[in-house]
Structure formats: structure tokens, C-alpha cells
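# Commentary on secondary and tertiary structure
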Amino acid sequence: MSACMDSEARGAVAATHEAFVRELLSGVDGPTLPYGMASGGPAGGAFAAASRDVDAALARRLHANALSDGLWLAAWAQVVARVSGRDDVVFGLRCANLATLPVRLRIDETAVRDGIVQAAALAAELQQRGAMLAHGEEFHAVLALPSGAAPIASADGCPMTLTVVEAGGITTLCARVRKPIHARQVCELMHRALQQLVQALEQSPTTPLRTLDVLPEAERRQLLVEWNATQAEYPSQACIHELIEAQVLRTPDAPAVVGVHTLTYAELNAQANRLARHLRRLGVRPDTRVGVCMRRDEQMVVALLAILKAGGAYVALDPDYPAQRLAHIVADSAPVAVLVRGEVPL
């Protein structure tokens, strides 16, 4: 009888933990991919490592803060958000017992202090639940909180892992990444994120998380100035879909769209052609409209390109809008068809 009761108790506890994870990850609409890279890759794929000591003054401020675990999680969330292009990020938290636990944080209009408090509460909850939450889903970015341990290896080909090592009174950021990600860059981004969060927490705690700038000055200039120097001759009579068709002839196997799945130019064009033919059979012609109620992924690009190929115009329908608002937009625009993918409130 006692063994049976123990088994039932363990089952109840496990069910509670599973419910916690389901609620934590509810509504996640795709993986968080740093630099667009998924886990796995070829066996023996090349990895790179780098480390950077946290400035002594910053380390002291981190250690003295009662919300230090929240600061670490919030800083890593800032980095992952910037390199994945998402504001709702999921990553792994590596604990002392080597269990990797799921973390989900949003980089949005939440005030810095509120966001750090929430992250600290989540860190405490995760570590209390411990190995019972070890998650089967692969993570594409992992953070190991401060410990005296050596830097951890990237588990299962995880593209981006950061270990925070405390030794000899020095705090060190140790990154291990899959090429072509730059390990040193990851360390610098994390250091900058920590600086920004600590400063905001101390001086302007109501600052929205979204507005913090984690890019070092040199990289900001590279992204905003150097990489944006893209002036080129544009054929004034060419439509977007015609330019893509021309690119198909030049580089059919080059990546055209990187999302949950990657499509080459040839694949993108072929899928768009198939959908365009179907739309024409439905009556799509020049000056007709087609609604698009889809999440932002590679299939949404296929849909938009197909509508242009069919000669129509697309009407954007955000699937997060209330059903009543979507119904009003559809009634007002009178599309010939509406393209949907997954569950939408139409």
C-alpha cells in the first residue's frame, strides 16, 4: 500500500511539473534560432570558443544585487532576442546537476525592473523543480548560471552556449558556438547586455526592456551603416516576383528564405508557382485581393509571392487580431480568397 501511495504521489508531482512546462511554453510559435542556425548539423561540425572576464566593477554590482539570477537570465534573453530576431525567446538553463531546463522570456514593453523580477522568480522556480523539469526538446541557445565548474560543452550540437564561471574572485563569460557564429561576439553581447540592465535597474528601472541597446558601438555601426550601404541599380519596370525569378536562374540552390525551414530560390519559386496556379483557378486576377492570415515564416513568403504571380494584391490579416476585427477587415476588403495556415480566429 505504501509503495502504491508513493508511486501515486510521484505521478502527481510529475504531472504538476509537466503542466508547469506546458503553461510556460504555451503559444510558442516556432523555435528560437540564434543567427538562424538550428541544432544538430553534420557530425563533427566545427565549433569555436572564446572567453571574456566581466569588468570587476560590473561583477561587484552583479554580486551585490539580490536579483542577480534574474539579471543573468534577462541579459541572456536580450542577447538571444537580438541574434534571433524574436522578442519572445526560449532557451535552456543549465543547472549544477546538468539538467537543462526551459526558460521563456519576452523582450517587450515590460519595465526593466519588472522583467528582472520576473526572470529571478522564474530562475528560482526552475531550480526548485530541478531535474524534474529536464526537457526533451532541443535548445538552440543555452545559459549555464555562475558556478565554479569548467565551461560546459555544447549539448547535442547546440549552436550557442554560454557558461558563467566564478573562480578566484573573477567572473568569466565562456562562449562555445557553432561556426560561423563568432564566440567572441557572443561574449561581448552578453557583457554589454549585463551593463545595460544593471545601469537601467539602478538609474531608470521603468525603462522598457525592448529599448535597451546591447550592441557594442563597432557592431552597431557595422549593422546600421556599413551593411546598409546597399545602393544598387534597380530595374524600374521589374516587379518583385520577376526579380526573384531572375535570381532563380542565377542561383537556384542558394538560400532564399530562412525560417523554421530553409527554402532555396528554386524551391520558393516552385511552391509559389503551384499556389499561384491554384489562386488563378479561384478567380484571382489583376485588381483582385487575397487575404493572408498567417504567421511570419517561410510559407507566408510563398503566399505573398504567389499572390503577386497570380496578379492579385494581398491583404494582411494578423492572426493575433480578435475575430471580430478580422471579420471586419475581410468584409471591407472583399478578398477573392483567404490563405490561412494553422489555427486562426476566422
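Above this text sits the structure in question.
These notes cover the structure that comes with them. Positions within a chain are numbered from 1, following the residues in the order the chain's sequence is written. Note on the predicted model: pLDDT of at least 70 is required for a residue's local features to be given, and 80 or more for side-chain atom pairs to be given and counted; whole-chain, interface and lining totals, by contrast, use all residues. Working from all heavy atoms in the structure, the side-chain values ignore hydrogens and water.

### Examining the pattern of salt bridges
Inclusion rule: Definition used for salt bridges: Asp or Glu carboxyl oxygen within 4 Å of a side-chain nitrogen of Lys or Arg. Strands are runs of DSSP state E lasting at least 2 residues, helices are runs of H or I lasting at least 4, and numbering of each runs from the N terminus. With a 1.4 Å probe rolled over the protein chains alone, any residue whose accessible area is under 20% of its type maximum counts as buried; one over 50% counts as exposed, and the rest are partly exposed.
Under the definition given, this model contains 10 salt bridges. With a shortest N-O distance of 2.8 Å, R61 and E202 are connected by a salt bridge. Of the two residues, R61 sits in helix α2 (residues 56-64) while E202 sits in helix α5 (residues 183-203), which places them 141 residues apart along the sequence. According to the relative accessible area criterion, E202 is partly exposed, its value standing at 46%. One salt-bridge network, held together by shared partners, links R52, D55, R184 and E188.

### Digging into the environment of G291
Just so we agree on the cut-off: Between two residues, a contact is recorded if the distance between any of their heavy atoms is within 4.5 Å.
With respect to the element layout, G291 can be found in strand β9 (residues 289-293). Judged by relative accessible area, which is 1%, G291 ranks as buried. Considering only alpha carbons, one finds G291 and V330, 39 residues apart in sequence, at a separation of 7.4 Å. Other than its neighbours up to four places away in sequence, G291 contacts V315, L317, P335, A337, V338 and L339.

### Examining the sheet that holds strand β10 (residues 313-316)
Selection rule: In this scheme, strands are said to pair when DSSP sees at least two bridges between them. Only the stretch in contact is used when a helix axis is fitted, and all axes are lines through C-alpha atoms; the angle between N-to-C directions ranges over 0 to 180 degrees.
Spatially, the 3 strands line up as an open sheet ordered β10-β9-β11, and their pairing is parallel. Bordering the open sheet on either side are β10 and β11 (337-340), each of which pairs with just one other strand. Across the sheet, the mean angle separating the axes of adjacent strands is 30° when strand polarity is ignored. In this sheet, β11 lies alongside β9 in parallel orientation, the contact comprising 4 bridges. Directly across from G291, in β11, lies its bridge partner V338. Together, β9, β10 and β11 form the strand contacts of helix α9 (residues 298-310), whose direction differs from that of β9 by roughly 180°.

### Here we look at helix α8 (residues 265-281)
What counts is decided by this rule: Under the convention used throughout, the expected extent of a helix is 1.5 Å for every residue step, that is, one less than its residue count. Throughout, the arc means that of the directions going from the helix axis to the C-beta atoms.
Over its 17 residues, α8 extends 24 Å from the first C-alpha to the last, a length consistent with the 24 Å expected when each residue adds 1.5 Å. Within the span of α8, buried status applies to L268, N269, A272, A276 and L279. The buried side chains of α8 occupy one side of the element, clustering within an arc of 90° when seen end-on. Phi turns positive, to about 105°, at G283, one or two residues after α8.

### A short note on the state of the cysteines
Stated formally: Only a pair of cysteine sulfur atoms within 2.5 Å counts as a disulfide in this structure description.
Throughout the structure, instances matching the rule amount to 0 disulfides. No disulfide involves C187; its nearest neighbouring cysteine sulfur is the one of C174, lying 7.0 Å away. Accessibility expressed as a relative area gives 0% for C187, which makes it buried.

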